[in-house]
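Report on the structure
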Amino acid sequence: MNDNIEKGECVELPSKYGHFRLIPFLEKQTGLEHVALLKGSFVENDIVLTRIHSACATGDLFGSLRCDCGEQLEKAMTIIEQNGQGLLLYLQQEGRGIGLMNKIKAYKLQEEGLDTVEANIQLGFAPDERNYHIASSILQLLEIKKVNLLTNNPEKISGLELNNIQVVERIPLVIKPNKYNKKYMNTKQERMNHLYNILEI
């Protein structure tokens, strides 16, 4: 048992994407509250279709076209519903871990010509401040050890595997770019090694 994590109550969550179960998790050290959405049931050694999604207020809540986050969230929930089994972990790691205030500062720098990596560095951060220890800890609390991971980000794969979660297969989660996020997605592909396969950006 991880003493740094408190598991909340499990409730039903009917949604426009499908019917899920919701469990909140409190990360005691930081006070951050994360969410697990579960579909179906799992037994030991099941390979569970999983999406680890970092919170993005602008994309997830307000439909921002500056990123692909909101569309990735919607697509992941739809895929999990269609699969009949799976898990979505919604982590409070806004702005790749720098928080909303700093993310908006980074947006301002992008409007002045920097890309997303350069903006984070100018603000004194790494290009990506996230780690996946908390995701791995929640998976272990849910007794999930093997996943098929919905992601384009190789850092998520290595982050889970470093914390004893086996990634059996990577499943791409590609959103077609638009005129507002084309540079952002190109930067993720060229400078952060995100795996867009044959996607032309």
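Think of each chain on its own: its residues are numbered from 1, step by step along the sequence as written. Predicted model: local features are reported for residues with pLDDT of at least 70 only, side-chain atom pairs are reported and counted for 80 or more only, and whole-chain, interface and lining totals are derived from all residues. Where side-chain values are given, they derive from all heavy atoms of the structure, hydrogens and water being excluded.

**Considering the side chain of Thr116**
Helix and strand assignments come from DSSP, with helices taken as H or I runs of at least 4 residues and strands as E runs of at least 2, each series counted from the N terminus. Along the chain, Thr116 turns up in helix 5 (residues 116–122). In this structure the side chain of Thr116 is engaged in a polar contact, spanning 2.9 Å, whose partner is the side chain of Arg96. Here a residue-residue contact requires only that any non-hydrogen atoms of the pair lie within 4.5 Å. Residues in contact with Thr116, not counting those within four places in the same chain, are Arg96, Gln110, Tyr184 and Thr187. N or O atoms within 3.5 Å of each other form a polar contact, as long as, within protein, one can give a hydrogen and the other can take it, and as long as residues adjacent in sequence are counted only when both atoms are side-chain atoms.

**Observations regarding the UniProt feature "binding site: Zn(2+)" (unreviewed entry) in the protein**
The UniProt feature table records "binding site: Zn(2+)" (unreviewed entry) at Cys56, Cys67 and Cys69. For the largest cavity, the lining residues among the annotations just cited are Cys56, Cys67 and Cys69. Following the sequence through the fold, Cys67 ends up in the loop between helix 1 (57–61) and helix 2 (69–83). Working definition: with a 1.4 Å probe on protein chains only, accessible area under 20% of the residue-type maximum means buried, over 50% means exposed, and in between means partly exposed. For Cys67, a relative accessible area of 2% puts it in the buried group. Apart from residues lying up to four places away in sequence, Cys67 is in contact with Cys56, Gly59, Asn181 and Tyr184. Here Cys69 is to be found in helix 2. The exposure class of Cys69 is buried, given its relative accessible area of 14%. UniProt positions are given in the numbering used here, feature names are shortened, and annotations may be inferred rather than shown by experiment. Here a cavity is any set of points on a 1 Å grid over the protein atoms alone where a 1.4 Å probe fits but cannot get out, and a pocket is any open set with protein on both sides within 12 Å along at least 5 of 7 lines; a residue lines the site when it has an atom within 4 Å of a point.

**Things to note about the state of the cysteines**
What counts as a disulfide here is a pair of cysteine sulfur atoms lying within 2.5 Å. Under the definition given, this model contains 0 disulfides. We note that Cys67 lacks a disulfide partner, and the nearest cysteine sulfur, in Cys69, lies 3.5 Å from it.

**Brief notes about the UniProt feature "binding site: GTP" (unreviewed entry) in the protein**
The UniProt entry lists Arg51, Ile52, His53, Ser54, Ala55, Gln72, Glu94, Gly95, Arg96, Thr116, Thr151 and Lys156 under the feature "binding site: GTP" (unreviewed entry), expressed in the numbering used here. In terms of the greatest pairwise C-alpha distance, the residues named above, spread along 106 residues, do not form a single cluster, extending to 22.8 Å across. Lining residues of the largest cavity drawn from the annotated set just named are Arg51, Ile52, His53, Ser54, Ala55, Gln72, Gly95, Arg96, Thr116, Thr151 and Lys156. Relative to the elements of secondary structure, Ile52 occurs in strand 5 (residues 47–54). For Ile52, a relative accessible area of 0% corresponds to the buried category. Discounting chain neighbours no more than four positions away, the residues touching Ile52 are Leu89, Leu91, Tyr132, Ala135, Leu149, Lys156 and Leu160. Structurally, Ser54 can be placed in strand 5. Not counting chain neighbours up to four residues away, the residues in contact with Ser54 comprise Asp60, Leu91, Gln93 and Arg130.

**Looking at the packing of aromatic side chains**
To pair, rings of Phe, Tyr and Trp, with the six-membered ring standing in for Trp, must have centres within 6.5 Å; the planes then decide the type, stacked if under 30 degrees apart, edge-to-face if over 60, and tilted in the middle. A full pass over the atoms with the stated rule returns 0 aromatic pairs. The residue whose ring lies beneath Lys39 is Phe20, and the NZ or CZ to ring-centre distance is 5.9 Å. For a Lys NZ or an Arg CZ to count as sitting over a ring, it must be within 6 Å of the ring centre and within 35 degrees of the ring normal. Stacked on the ring of Tyr107, the Lys or Arg Arg66 has its end atom at 4.1 Å from the ring centre.

**Details of the pattern of salt bridges**
Think of a salt bridge as a Lys or Arg side-chain nitrogen and an Asp or Glu carboxyl oxygen that are within 4 Å of each other. The final tally for this structure, using the stated rule, is 6 salt bridges. Of the charged contacts in the structure, one is a salt bridge between Lys103 and Glu94, with a shortest N-O distance of 2.5 Å. The two residues Lys103 and Glu94 agree in class, both being buried. A salt bridge links Asp128 to Arg130; its shortest N-O distance comes to 2.7 Å. Here Arg130 falls in the buried class, since its relative accessible area comes to 16%.

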